[in-house]
Amino acid sequence: MGLFGGRKTVNVDADILVIGGGMAGTGATYESRYWGRDLKIVCVEKANIERSGAVAQGLYAINCYMGMQWGENQPEDHVRYARNDLMGLVREDLGYDVARHVDASVHKFEEWGLPMMRDPKTGRYQREGKWQIMIHGESYKPIVAEAARKAATEVYNRIMVTHLLMDSSKANRVAGAVGFNVRTGDYHVFRAKAVIIAAGGASHIFKPRAVGEGMGRTWYAPWSSASAYGLPIRVGAKMTQMENRIVLTRFKDGYGPVGAYFLHLKTYTQNGYGQEYESKWKEHTRALVGDYIDHHPVPTCLRNHAFLEEMKAGGGPIRMVTKEAFQDPHKETVGWENFLGMTIGQAVVWASQNIDPKHINPELTTSVPYVMGSHATCSGAWASGPEDLAPAEYQWGYNRMMTVDGLFGAGDTIGGSAHKFSSGSFAEGRIAGKAAVRYVMEKGRDQPQVSEQEYQDLERAIFQPLENYRVGRNEIVAGTVSPSYLLPIHGLQRLQKIMDEYVGGISAHYMTNGPLLNRGLELLTMLKEDMSRMGAEDLHQLQRVWELHHRLLAAESVTHHTLFREETRWPGYYYRGDHMKLDDQNWHCFTLSRYDRNTGKWAMEKAPVYHIID
Ligand SMILES: Cc1cc2nc3c(=O)[nH]c(=O)nc-3n(C[C@H](O)[C@H](O)[C@H](O)COP(=O)(O)OP(=O)(O)OC[C@H]3O[C@@H](n4cnc5c(N)ncnc54)[C@H](O)[C@@H]3O)c2cc1C
């Protein structure tokens, strides 16, 4: 029997293929069924949609809810808010589109059984902040998964999607995807008329603060492995704002969320000497970004900036003042419940470090940078906007379709539209699902042509690391370092070291510059050359190999974008030491990239920012 003789190939034909069954993927699956009653809708997920993605553990707040039924906020208000937080640069058409639809999705969650907290006086949803509402959300993910399961023709769990397939008869049209079952090793070939990528964002491309056995303890889920970017980049989809990585201020070591503490418990921060420090850095920040520092609320990155400057000036540690709020038993309960519903690890860290927030003010830290499109950041694919809103330059087809025909995205996948969060990602999934159904009805009736050669070649490449390991393993008698293969953990640590030291990670205080970025690109290219020598001991490690491929492409993209934007737009997220100031004259624009897999070259360009809301 040959190398691939024992492996089953599973062929699946679908009308719509949803890759990733997190918040956006479940929304896309649900809505595709609503509009495409007789279509075959397939959702494919590398974990199990019951508990997958960033919301796997649950959430304590839904961070994007307008409250239009009570006249609390309007979509225009949300666009203004996101634009301010992102220092002027958002796709207002996409943001408005999410904001006008998001409330309806939240109402669905309640209808499906999600327990919402209500204000006892008004009967409305309990507000945590202007945009956030509080939930008992431990089961948030199983609830949306149930809706997707009932809507899908088939859900394939435990399939790691590694590559997209392209139509062999039509240029630039997607035709499906391939991947493998991480438990059985079966090879899966999905042919589809439209594909929706909803595979989450990217953690672990920069070196994390916790290393060794603790390296999984990061803010962002370690399983968010950049497939949302790696998959479309490889087939030439344009990406936007990939330099706009996010850094979060969170409780130290456990990365427990701070939103409920600041907004609901009204806690505040102090430096190591018990002093207020943010005002100290105001003029310094003004010199970098002008009057953004006077805006309300202060943009997230600028609050990080004050934290970082205070730490560098020797004012650390920065602490959250919890001792006052925790004297109130109700607030104390909310403080603990906040972790138990979404980040139990923080409660465990405090217990292990003898921190009772009623008596000790806990430390905060800034996280390693992450790449995502749905939080206070907007990296991702460049997508066509809604027909009734998007300026002509942002429209080339169907809503949320990327620059590849038939390829859609939602949630962390789509760039330019920040502050979607869980509810907005689900809503955007629904928007993409509806548009994909229309695409299939109008344009995609023909089954795309998939070349047998293409998916057979991909099969060989996908499983090659198992063979590399099997053969190379015989050259060593102990340990894990081999002369002929690289294990995924080694490749990952090499990637993280490059990104950390050259592209603005934690050990460089988020600082980089042109020469560093250029050297970083050289080192990333060398790592790329070594990727054909990856070794995988088992299917689990094989999944790690392909996650690394996706992370590496995303990291390359981040580095090219960071090099292209010659300014420091978001101090507190990263700094270009050679261009320390925000430069609205030259850089009030989006950055776009396109990767050519045949030449390995990246083409960069600018795209205009249109302000459609006053
Ligand atoms: C730590 C943290 C805290 C947050 N807190 C809040 C909060 O309090 N309130 C709030 O509203 N929002 C919160 N968010 C934001 C919210 O979680 C995201 O906006 C939302 O999950 C994004 O949806 P998504 O579908 O794009 O990604 P996800 O929900 O992460 O889903 C991505 C899915 O794709 C799958 N996948 C990935 N790669 C592949 C592949 N190659 N093949 C197959 N499947 C794949 C993953 O397993 C996962 O199921 C938080 C996010 C994080 C990271």
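Residues numbered from 1 in each chain as written. Predicted model: local features only at pLDDT ≥ 70, side-chain atom pairs only at ≥ 80, totals over all residues. Heavy atoms only, no water.

The next subject is the packing of helix α5 (residues 227–234) against helix α15 (residues 539–564). Look at α5 against α15: their axes get within 8 Å of each other, and the N-to-C directions meet at 75 degrees. Judged on the interaxial angle alone, α15 and α5 are roughly perpendicular. When α5 is examined against α15, the residues Ser227, Tyr229, Gly230, Leu231, Ile233 and Arg234 are found in contact with a partner set consisting of His550, Leu553, Ala554 and Ser557. Across the contact of α5 with α15, the residue classes break down as five nonpolar, four polar and one charged. (Axes fitted to C-alpha atoms, helices over the stretch in contact; angles between N-to-C directions. Helix = DSSP H or I, 4+ residues; strand = E, 2+ residues; numbered from the N terminus. Parallel < 35°, antiparallel > 145°, perpendicular 65-115°, else oblique. Contact = heavy atoms within 4.5 Å. Nonpolar A, V, L, I, M, F, W, Y, C, P; charged D, E, K, R; others polar.)

The next point concerns the pairing of strand β1 (residues 9–19). Direction of pairing for β1 relative to strand β8 (residues 187–197): parallel, over a ladder of ten bridges. When the sheet's bridge partners are listed, valine 12 is paired in β8 with phenylalanine 190. Strand direction decides the pairing type here: β1 and strand β2 (residues 41–44), joined by four bridges, are parallel. Within β2, the residue paired with isoleucine 19 across the bridge is valine 44. (Pairing = 2+ DSSP bridges.)

The residue glutamate 459 is located in helix α12 (residues 452–472) in this model. On the accessibility criterion, glutamate 459 (12% relative accessible area) is buried. For the pair glutamate 459 and valine 189, spaced 270 residues apart in sequence, the C-alpha separation works out to 9.5 Å. (Buried < 20%, exposed > 50% of the residue type's maximum accessible area, 1.4 Å probe, protein only.)

Structurally, the position occupied by threonine 249 is in strand β10 (residues 249–251). At a separation of 2.7 Å, a polar atom in the side chain of threonine 249 contacts the side chain of asparagine 304. In contact with threonine 249, not counting residues within four places along its chain, are Val258, Asn304, Phe307, Leu364, Thr365 and Thr366. (Polar contact = N/O pair within 3.5 Å; in protein donor to acceptor, adjacent residues only side chain to side chain.)

Our next topic: the packing of helix α3 (residues 92–111) against helix α11 (residues 421–442). Between α3 and α11, the shortest axis-to-axis distance is 8 Å and the interhelical angle comes to 105 degrees. The angle between α3 and α11 falls in the class roughly perpendicular. Across the interface between the two elements, Asp97, Val98, His101, Val102, Ala104, Ser105, Val106, Lys108 and Phe109 of α3 pack against Ser423, Gly424, Phe426, Ala427, Glu428, Arg430 and Ile431 of α11. Considered class by class, the residues forming the contact of α3 with α11 number eight nonpolar, four polar and four charged.

Our focus in this paragraph is the environment of isoleucine 19. In this structure, isoleucine 19 sits in strand β1. Judged by its relative accessible area of 3%, isoleucine 19 is buried.

So, on to the site of the ligand. Taken together, 32 residues are adjacent to the ligand, and Glu45, Ser52, Ala61, Ser374 and Ser422 come closest. In this structure, glutamate 45 approaches the ligand through a side-chain N or O atom, which is 2.6 Å from an oxygen atom. Taking asparagine 63, its main chain carries an N or O atom lying 3.0 Å from an oxygen atom of the ligand. Those elements that provide at least two residues to the shell around the ligand are α1 (23–35), β3 (59–62), β6 (159–166) and α11. (Near = heavy atom within 4 Å.)

Among the eight residues in β6, eight count as buried, and that is most of the element. Alignment of β6 against strand β7 (residues 174–181), held across seven bridges, turns out to be antiparallel. Looking at the pairing, methionine 166 lines up with valine 174 of β7.

So, about α1. With 13 residues, α1 ought to run about 18 Å at 1.5 Å a step, and its terminal C-alpha atoms sit 19 Å apart, in line with that. Among the residues of α1, Met23, Ala24, Gly25, Thr26, Gly27, Ala28, Thr29, Tyr30, Glu31, Ser32 and Arg33 are the ones counted as buried. Among the structural elements, β1, β2, α3, α4 (140–151), β8 and α11 are those in contact with the buried residues of α1. (Expected span 1.5 Å × (residues − 1).)

Going through the model one piece at a time under the given rule, you end up with 48 salt bridges. Measuring nitrogen to oxygen at the nearest pair gives 2.6 Å for the salt bridge that ties glutamate 146 to lysine 150. Here lysine 150 and glutamate 146 lie together in helix α4, a separation of four residues that amounts to about one turn. For glutamate 146, a relative accessible area of 34% puts it in the partly exposed group. (Salt bridge = Lys/Arg side-chain N within 4 Å of Asp/Glu carboxyl O.)

A word on the sheet that holds strand β9 (residues 239–240). With respect to topology, four strands assemble into an open sheet ordered β14-β9-β18-β19, the strand pairing being antiparallel. A strand with exactly one partner marks an edge of an open sheet, and here the two such strands are β14 (380–381) and β19 (601–608). The strands touched by α15 are β9, β18 (589–596) and β19; relative to β19, the strand with the most contacts, the crossing angle is about 55 degrees.

Over its 17 residues, helix α14 (residues 514–530) extends 25 Å from the first C-alpha to the last, a length consistent with the 24 Å expected when each residue adds 1.5 Å. Looking at α14, one finds that the buried residues are Gly514, Leu517, Gly520, Leu521, Leu523, Leu524 and Leu527. Residues of α14 that are buried in the fold lie against α13 (488–502), β16 (511–512), α15 and β17 (575–576). Capping the start of α14, asparagine 513 holds a side-chain oxygen 2.8 Å from the backbone nitrogen of leucine 516, two or three residues further along.

Before going further, it helps to examine the environment of glutamate 310. Inspection of the secondary structure assignment puts glutamate 310 in helix α8 (residues 300–312). Separated by 33 residues in the primary sequence, glutamate 310 and tyrosine 277 place their C-alpha atoms 7.0 Å from one another. Setting aside anything within four residues of it in sequence, one finds glutamate 310 in contact with Asn271, Tyr277, Lys280, Trp281, Gly315, Gly316 and Ile318. Polar side-chain contacts of glutamate 310 include one of 3.0 Å to the side chain of lysine 280.

Attention shifts here to a nonpolar patch on the surface. Together, Leu340, Ile344 and Val348 line one region of the surface with nonpolar side chains, adding up to about 270 Å² of accessible area. Topologically, isoleucine 344 is positioned in helix α10 (residues 344–352). Judged by relative accessible area, isoleucine 344 falls into the partly exposed class, the value being 43%. (Patch = residues over 30% accessible without salt bridge, like charges linked within 9 Å, V, L, I, M, F, W, Y side chains within 5 Å. Areas by Shrake-Rupley, 256 points an atom, 1.4 Å probe, with all protein chains shown as cover.)

None of this, on its own, says anything about what the molecule does.
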